Amino acid sequence: MRRKGLATMAVQTVAGTSTTTPAFADNPHQNSFGPAVALSCRECGTRYALTPVFACQECFGPLEVAYELPLGDPEDLRRRIEAGPANIWRYAPLLPVPADVTAKQNLNPGWTKLVKADNLARELGVTGGLYVKDDSGNPTHSFKDRVVAIALEAARTFGLTTLSCSSTGNLAGAVGAAAARAGFRSCVFIPHDLEQGKVVMAAVYGGDLVAIEGSYDDVNRFCSELIGDPIGEGWGFVNVNLRPYYGEGSKTLAYEIAEQLGWRLPDNLVIPIASGSQLTKIDKGLQELIKLGLVEDKPYKIFGAQAEGCSPVSAAFKAGHDVVRPVKPDTIAKSLAIGNPADGPYVLDIARRTGGAIEDVNDEQVVDAIKLLARTEGIFGETAGGVTVGVLKKLIETGQLDPAAETVVLNTGDGLKTLDAVAPTTGPTATIRPTVAAFREAGLA
């Protein structure tokens, strides 16, 4: 049962002891988090100081960053943002990072292309305008660079020495690269059966890469245990004890889409679901833009995309449930293979509130969609991109998404990381002798 409200007192754990303190008690780290003022429980509203904690001690609900946003002249804020660097730090006034963040050693991700996908639109019958937000252009070729960049700044502030994570692949590479750049040690944990491209990319940065026998959910449980062990002292698990900060990086996708559209909101967004955090934070970012007056307040619909072999949120949505029942993943879309998605209930809320939906596609449809995106727009997306494009196609065919409305679909990673998905059905058109006659004989002239 979800509880609403706001408590002005909170329990803060420091060095193993619990003390009751005002939510806005003096905090030595406060000035390092820009407009962020506290951590707030999504369920009961209890507030905590900005520290490396992730769960409410009152109701065990998830914590997220709460802000006092720079309300003022929207035009002035727009000018400040537009004058900023061509990366996520142009939005530093809206993020939990220090004012001098651009001077830090960081991978500086973001400001990736918003591609007007006219060819794909014609193929799918979209007449209202179709865009692909292509996050494969980030430093390690996935959107995970955004979330890790924010988590890294929190780890720096808290004096942590090791960056870690549980990962389905992309996050492991992003953590390894960010740690190498910033001079941190990294130790990341992955399921034992990940795609080889992601394993190599996570290992090449020189940190420790540990494969765990089991699924991502097994890896995540192990990391939660490690946090409570003395071994984990000084470790920043970006998607566990640093999760409230980490999640805020996904908001920058919303900021960029709106700015790249000329400071306006699209009618529809199609977003992949793994843990569900990306979708919930994109919605949070859109709501902040409206509150700040940076965009016109207008309705928008958010659609979630899952692979059929790991579709617990889609199943709950279709059944009309508020609770997401965990599943055992079995899909080629391994980056989305989280059987017990932490943000699943919040994803359901957003899809229903905005009038969107949550849909899924099977592995064959994922591969077909990867090829469709590549053939029409020259974008080679990983399996998660195949899921979103495949779901977009299905939503249109089933009448759930209006093709006359402007739509943005997310591609969150590079297809070179998931070659195994398309390799069996992709290869040379022909193999011929090095003669013109052979070329003619192959019917290619």
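In what follows, the structure referred to is the one given above.
Residues numbered from 1 in each chain as written. Predicted model: local features only at pLDDT ≥ 70, side-chain atom pairs only at ≥ 80, totals over all residues. Heavy atoms only, no water.

Student: Explain the state of the cysteines here, please?
Tutor: Two cysteines whose sulfur atoms are joined by a covalent bond form what is called a disulfide. Summed over the entire model, instances satisfying the criterion amount to 0 disulfides. C59 supplies the cysteine sulfur nearest to C41, a cysteine that is in no disulfide, at a spacing of 3.5 Å. Summary of cysteine pairing: C44 is not part of a disulfide, and the nearest cysteine sulfur, belonging to C56, is at 3.7 Å. Exposure remark for C44: the relative accessible area of 9% places this residue in the buried category. (Disulfide = S-S within 2.5 Å. Buried < 20%, exposed > 50% of the residue type's maximum accessible area, 1.4 Å probe, protein only.)

Student: Before we go on, may I ask you to explain the pairing of strand 13 (residues 301-307) in this structure?
Tutor: The side chains of a regular strand alternate, first on one face of the sheet and then on the other. Across the 7 residues that make up strand 13, a large majority, 6, are buried. Examined bridge by bridge, strand 13 and strand 14 (residues 358-361) share 4 bridges and lie parallel to one another. Within strand 14, the residue paired with Q306 across the bridge is D360. (Helix = DSSP H or I, 4+ residues; strand = E, 2+ residues; numbered from the N terminus. Pairing = 2+ DSSP bridges.)

Student: Hey, could you run me through the pattern of salt bridges in this one?
Tutor: Where charged atoms from two side chains of opposite charge come close, those side chains can pair. Using the criterion set out here, one finds 30 salt bridges in the structure. With a closest N to O distance of 2.7 Å, D135 and R146 form a salt bridge. Note that D135 is positioned in the loop between strand 7 (130-134) and helix 3 (144-157) and R146 in helix 3, a separation of 11 residues in sequence. The exposure classification of D135 matches that of R146, with both residues buried. (Salt bridge = Lys/Arg side-chain N within 4 Å of Asp/Glu carboxyl O.)

Student: Which parts of the structure should I look at to understand the sheet that holds strand 6 (residues 113-116)?
Tutor: Whenever strands of a sheet pair, they do so through backbone hydrogen bonds, lying parallel or antiparallel. Spatially, the 6 strands line up as an open sheet ordered 6-7-15-12-13-14, and their pairing is mixed. Each of the sheet's edge strands pairs with one partner strand only, and the pair in question is strand 6 and strand 14. Going from strand to strand, the sheet's axes swing by 25 degrees on average, the running direction of each strand aside. Note that strand 7 and strand 15 (residues 407-411) share 5 bridges and pair parallel. Counterpart to L130 in the pairing with strand 15 is T407. Packing against the sheet, helix 9 (residues 277-291) makes contact with strand 12 (268-272), strand 13 and strand 15, and its axis sits at approximately 150 degrees to strand 12. (Axes fitted to C-alpha atoms, helices over the stretch in contact; angles between N-to-C directions. Contact = heavy atoms within 4.5 Å.)

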